[in-house]
There are 2 protein chains.
Amino acid sequence: MSLIALGTVAIDHIKTESGLKKDLLGGSASHFSMSARLFTKVHLVGIVGQDFPKTHTKFLQQKGIDLTSVITREGKTFSWRGEYKKGDYNNAVTLATELGVLLNYYPQIAHHQRDIPNVFLANIDPDVQLNLLHFMKKPRLIGLDSMNLWIEHKSRSLKRLMKKVDLFVANDGEARMLTGESNLIKAAKAMRKLGPKLIVVKKGEHGVLFYSDKFMFSFPAYPVEHVVDPTGAGDTFAGGLMGYLTKVKTLNQKNLKQAVIYATTCASFNVEGFGMSKTAPLTLVKVNTRMKELIKHISL
Amino acid sequence: MSLIALGTVAIDHIKTESGLKKDLLGGSASHFSMSARLFTKVHLVGIVGQDFPKTHTKFLQQKGIDLTSVITREGKTFSWRGEYKKGDYNNAVTLATELGVLLNYYPQIAHHQRDIPNVFLANIDPDVQLNLLHFMKKPRLIGLDSMNLWIEHKSRSLKRLMKKVDLFVANDGEARMLTGESNLIKAAKAMRKLGPKLIVVKKGEHGVLFYSDKFMFSFPAYPVEHVVDPTGAGDTFAGGLMGYLTKVKTLNQKNLKQAVIYATTCASFNVEGFGMSKTAPLTLVKVNTRMKELIKHISL
């Protein structure tokens, strides 16, 4: 089975304690694909401007990511300039956002892609996410991610969309904001009531909480000692999660736990370098090696 | 083997979202003992004023806690008035602290107690903690807890003391404050360098990180949906930890993991009620039942 992923493709300028990096390939769909490709064929859906460097395009293609449905339009590629203050990797400070070609973007996909059974709607305007869903024939699994911006300003669209998806991933701040519940178990239950059967609450360095009607579980994060740049960690997590779930036959507890462990492992690589510097060289063998370490770290 | 525990015995007045409760039995040594007693005989070392209610004394005795070395002195019992703002159970707001008899307290213990092999120095002035250690003959295991107040104002005493203990428990904020490291693994390593071989970083609702030279591990917390009052959760955690470690022969990885799981389970009861309302009725059978649930929740 394969996986189609909609989201942003961006040019990032990022400042952290470890330095300043310009013109990095970023965006929710790019980071998502960079880990999901380790498990399955990924079809990316997005838009870039005419300024989008050919090296980035080639790089994504070399990683086996299908760019058939990445449109290039006149204008500038979506760009984000952000900073993380010393020691506070949970809160990105946005210095500038240039929407560029993202304005008035309407997703388009190739006809044959409508049959792809697994869909991930990475962070982008919920109306755009909904538009992609209209194209999909009979998805087996639809996953969704969002962000504080949409929860605040497009809550209606987001909630309409949540009724149509199977799996929802949110970080702790988003979960609290969306539901008004400060307790994360209550927040997970409240999100479940909004539609999705499978709820994943990412807590950054504190790990992850999974909630469904039948079972819930928690895992700590892989212990990363030198965080360099957390940008895209949530997307990388979602990529590992959806990538693995695309490969398995049933969404039972065992497979969901394994998927969360893979997601956690992939995300741990992401934060160790700027942009995709640590996820781009990854192979499934390398992921498996660290995953075994993680399992040792968290097993009873 | 038995366990001796020094710390505060207090009268707490606590306000949370769930209400206001006055004249609760509190203090680091009381909360510690209330969970440690489930595993071993606990000898409490502390001081109260003449105003200390006899009902509290009887209550502690009925729980099997030895009060031989709890001194009663003229004056008022140490008292704490605090509040937790809605949804923020990680930060207690201190409204008033009355030291009372804690001022100029010098711990005294019965002669025969000097041979007790396991010692826990629950949160109290580090100079007082050091004074107790002078009495102890050849402890097998010494555990230590502290707080932001002492890290800020008695850092020298605390660091001198840390050289003499085997196990140090700190919450995430204290760990960061003490070491200046925002990354908790770095902070744990830095604390290890200050002396204690076994480092436990409590992260509240996010669980716990254990660090030693030979191994480290993390566990999430038990998922508590209705937090009522977190006061004493850290002490209750330490009580479960030290209580279990007092019972086992060796401090190997298996036993330390089991101790942390017990500690986590005990702490989860504490936060579900005001004061000791949920830990006082506990039996080891009840703890084991919830511990099995926790294990199911966190196992791979």
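In what follows, the accompanying structure is described. (Residues numbered from 1 in each chain as written. Chains lettered and ligands numbered in written order. Predicted model: local features only at pLDDT ≥ 70, side-chain atom pairs only at ≥ 80, totals over all residues. Heavy atoms only, no water.)

## Thoughts on the overall build of chain A
Part 1 of the reasoning: Assigned secondary structure in chain A consists of ten helices and 13 strands.
Part 2 of the reasoning: Computed over C-alpha atoms, the radius of gyration of chain A comes to 18 Å, within 12% of the 19 Å expected from 2.2 N^0.38 for 300 residues, which places it in the range of a compact globule.
Part 3 of the reasoning: If one aligns the C-alpha atoms of chain A with their principal axes, the spans along those axes are about 55 × 45 × 40 Å.
Part 4 of the reasoning: Counted over contacts in chain A with a minimum sequence separation of 6, partners at least 24 positions apart contribute 65%.
Part 5 of the reasoning: Taken as a whole, chain A presents about 12,400 Å² of accessible surface, with 51% of it coming from carbon and sulfur.
Part 6 of the reasoning: In chain A, which carries 41 positive and 25 negative side-chain charges, the distance between the mean positions of the two groups comes to 8 Å. (Helix = DSSP H or I, 4+ residues; strand = E, 2+ residues; numbered from the N terminus. Rg over C-alpha atoms; globule rule 2.2 N^0.38 Å. Contact = heavy atoms within 4.5 Å. Areas by Shrake-Rupley, 256 points an atom, 1.4 Å probe, with all protein chains shown as cover. Lys, Arg positive; Asp, Glu negative; His and termini not counted. Charge placed at Lys NZ, Arg CZ, Asp CG, Glu CD.)

## Brief notes about the sheet that holds strand β6 (residues 79–84) of chain B
All names here are of chain B.
Part 1 of the reasoning: Strand order in this open sheet of four strands is β3-β2-β6-β7, and the pairing throughout is mixed. Since the sheet does not close on itself, it has two edges, and those belong to β3 (19–26) and β7 (92–98), each with one partner. Strand-to-strand twist in this sheet, taken as the mean axis angle between neighbours without regard to direction, amounts to 20°.
Part 2 of the reasoning: Pairing of β6 with β7 involves six bridges; the strand directions are antiparallel. Residue pairing in the sheet places Ser-79 in a bridge with Glu-98 of β7.
Part 3 of the reasoning: Against the sheet, helix α2 (residues 54–62) makes contact with β2 (10–16) and β3, and its axis sits at roughly 65° relative to β3, the strand it touches most. (Pairing = 2+ DSSP bridges. Axes fitted to C-alpha atoms, helices over the stretch in contact; angles between N-to-C directions.)

## Section: the interface of chain B and chain A
Where the parts come together, the accessible area they lose is often given as the size of the interface.
Part 1 of the reasoning: Listed per partner, the contact involves 30 residues of chain B and 30 residues of chain A.
Part 2 of the reasoning: Both faces combined, the contact of chain B with chain A buries some 2,600 Å², and carbon together with sulfur accounts for 54% of it.
Part 3 of the reasoning: Broken down residue by residue, the surface that chain B buries against chain A is led by Glu-225, His-297 and Leu-300 of chain B, which jointly contribute 26%.
Part 4 of the reasoning: Linking chain B with chain A are four salt bridges, by the criterion used here.
Part 5 of the reasoning: Between Lys-189 of chain A and Glu-225 of chain B there is a salt bridge whose closest N-O contact spans 2.7 Å.
Part 6 of the reasoning: Where chain B touches chain A, the interface holds 16 residue pairs in polar contact (both at pLDDT 80 or more).
Part 7 of the reasoning: Mapped onto the side of chain B that touches chain A, the elements with two or more residues apiece are α7 (184–193), β13 (216–219), α9 (253–270) and α10 (284–298) of chain B. (Buried area = accessible area lost by both parts, 1.4 Å probe. Salt bridge = Lys/Arg side-chain N within 4 Å of Asp/Glu carboxyl O. Polar contact = N/O pair within 3.5 Å; in protein donor to acceptor, adjacent residues only side chain to side chain.)

## Quick look at helix α5 (residues 155–162) of chain A
Part 1 of the reasoning: When α5 of chain A is considered as a whole, its buried residues turn out to be Ser-157, Leu-158, Leu-161 and Met-162 of chain A. Looking straight down α5 of chain A, one finds its buried side chains confined to an arc of 135°; they lie on one side. (Buried < 20%, exposed > 50% of the residue type's maximum accessible area, 1.4 Å probe, protein only. Arc of directions from axis to C-beta.)

## Some thoughts on the relation of the copies chain B and chain A
Part 1 of the reasoning: Expressed as a screw operation, the relation of chain B to chain A combines 0.0 Å of axial shift with a rotation of 180°, fitting to an RMSD of 0.0 Å. In the structure described here, the two chain copies are related by an operation that fits a two-fold rotation axis.
Part 2 of the reasoning: Interface overlap between copies is the fraction of interface residues in one copy that are interface residues in the other; for chain B against chain A it reaches 100%, indicating a shared surface. (Least-squares fit on C-alpha atoms with pLDDT ≥ 70 in both.)

## Things to note about the sheet that holds strand β2 (residues 10–16) of chain A
Residue and element names in this part refer to chain A.
Part 1 of the reasoning: Taken in spatial order, the four strands line up as β3-β2-β6-β7 in an open sheet, and their pairing is mixed. Each edge of the open sheet is held by one strand with a lone partner, namely β3 (19–26) and β7 (92–98). Neighbour to neighbour, the strand axes of the sheet diverge by 20° on average, direction disregarded.
Part 2 of the reasoning: Where helix α2 (residues 54–62) meets the sheet, its contacts fall on β2 and β3, and the angle it forms with β3 comes to roughly 65°.

## Considerations on the side chain of His-31 of chain B
Residues and elements named next belong to chain B.
Part 1 of the reasoning: Here His-31 shows up in helix α1 (residues 28–36).
Part 2 of the reasoning: Accessibility expressed as a relative area gives 2% for His-31, which makes it buried.
Part 3 of the reasoning: Those residues in contact with His-31 that lie beyond four places of it in its chain are Leu-25, Gly-26, Thr-231, Gly-232, Asp-235, Thr-236, Asn-270, Gly-275 and Met-276.

## What about the pairing of β3 of chain B?
In summary, the side chains of a regular strand alternate between the two faces of the sheet.
Part 1 of the reasoning: Note: β2 of chain B against β3 of chain B, six bridges, orientation antiparallel. Residue Ile-14 of chain B lies in a different strand from β3 of chain B, and its bridge partner there is Lys-21 of chain B.

## Examining the side chain of Ser-28 of chain B
Part 1 of the reasoning: Within the element layout of this structure, Ser-28 of chain B appears in helix α1.
Part 2 of the reasoning: Here Ser-28 of chain B is in contact with Gly-7, Thr-8, Ala-122, Asn-123 and Asp-235 of chain B, once residues within four sequence places are set aside.

## Examining the pattern of salt bridges
Residue and element names in this part refer to chain A.
Part 1 of the reasoning: Throughout the structure, instances matching the rule amount to 19 salt bridges over all chains.
Part 2 of the reasoning: For the salt bridge of Glu-98 with Lys-76, the shortest nitrogen-to-oxygen distance reads 3.6 Å. Of this pair, Glu-98 sits in strand β7 while Lys-76 is found in the loop between β5 (66–73) and β6 (79–84), placing the two residues 22 residues apart along the sequence.
Part 3 of the reasoning: Measuring nitrogen to oxygen at the nearest pair gives 3.0 Å for the salt bridge that ties Lys-154 to Asp-125. Placement of the pair is Lys-154 in the loop between α4 (148–153) and α5 and Asp-125 in the loop between β8 (118–121) and α3 (126–135), with a sequence separation of 29 residues.

## Some words on the packing of aromatic side chains
Part 1 of the reasoning: Per the stated rule, a full pass over the model turns up 20 aromatic pairs over all chains.
Part 2 of the reasoning: Ring geometry for Phe-39 of chain A against Tyr-262 of chain A: centres 4.9 Å apart, planes inclined by 75°, an arrangement best described as edge-to-face. In this pair, Phe-39 of chain A sits in the loop between α1 (28–36) and β4 (42–49) while Tyr-262 of chain A sits in helix α9 (residues 253–270), placing the two residues 223 residues apart along the sequence. Neither Phe-39 of chain A nor Tyr-262 of chain A differs from the other in exposure class; each is buried.
Part 3 of the reasoning: Seen in terms of ring centroids, Phe-32 of chain B and Phe-120 of chain B are 4.5 Å apart; in terms of plane orientation they differ by 0°. Their pairing is stacked. Residue Phe-32 of chain B is located in helix α1, and its partner Phe-120 of chain B is located in strand β8 (residues 118–121); the two are separated by 88 residues in the primary sequence. Just as Phe-32 of chain B is buried, Phe-120 of chain B falls in that class too.
Part 4 of the reasoning: Aromatic ring contacts, followed pair by pair, group Phe-210, Phe-215, Phe-217 and Phe-219 of chain A into a single cluster. (Phe/Tyr/Trp six-rings, centres within 6.5 Å; stacked < 30°, edge-to-face > 60°.)

## A few points about the pairing of strand β5 (residues 66–73) of chain B
Part 1 of the reasoning: Taken together, the six bridges between strand β4 (residues 42–49) of chain B and β5 of chain B define a ladder with parallel strand orientation. Looking at β5 of chain B, one finds that Val-48 of chain B is bridged to Thr-72 of chain B.

## A closer look at a positive patch on the surface
Part 1 of the reasoning: A cluster of basic side chains, namely Arg-156, Arg-160, Lys-163 and Lys-164 of chain A, defines a positive patch on the protein surface.
Part 2 of the reasoning: Among the secondary structure elements, Arg-156 of chain A is positioned in helix α5. (Patch = residues over 30% accessible without salt bridge, like charges linked within 9 Å, V, L, I, M, F, W, Y side chains within 5 Å.)

## Here we look at unusual backbone geometry
Part 1 of the reasoning: In this structure, Asn-104 of chain A is a non-glycine residue whose phi angle is positive, near 60°.
Part 2 of the reasoning: Counting through the fold element by element, Asn-104 of chain A comes out in the loop between β7 and β8.
Part 3 of the reasoning: Among the residues examined, Asn-104 of chain A registers a relative accessible area of 71% and is labelled exposed.
Part 4 of the reasoning: Residues other than glycine seldom take positive phi values, yet Asp-23 of chain B does so here, at roughly 55°.
Part 5 of the reasoning: Along the chain, Asp-23 of chain B falls in strand β3.

Nothing here speaks to function; it is geometry throughout.
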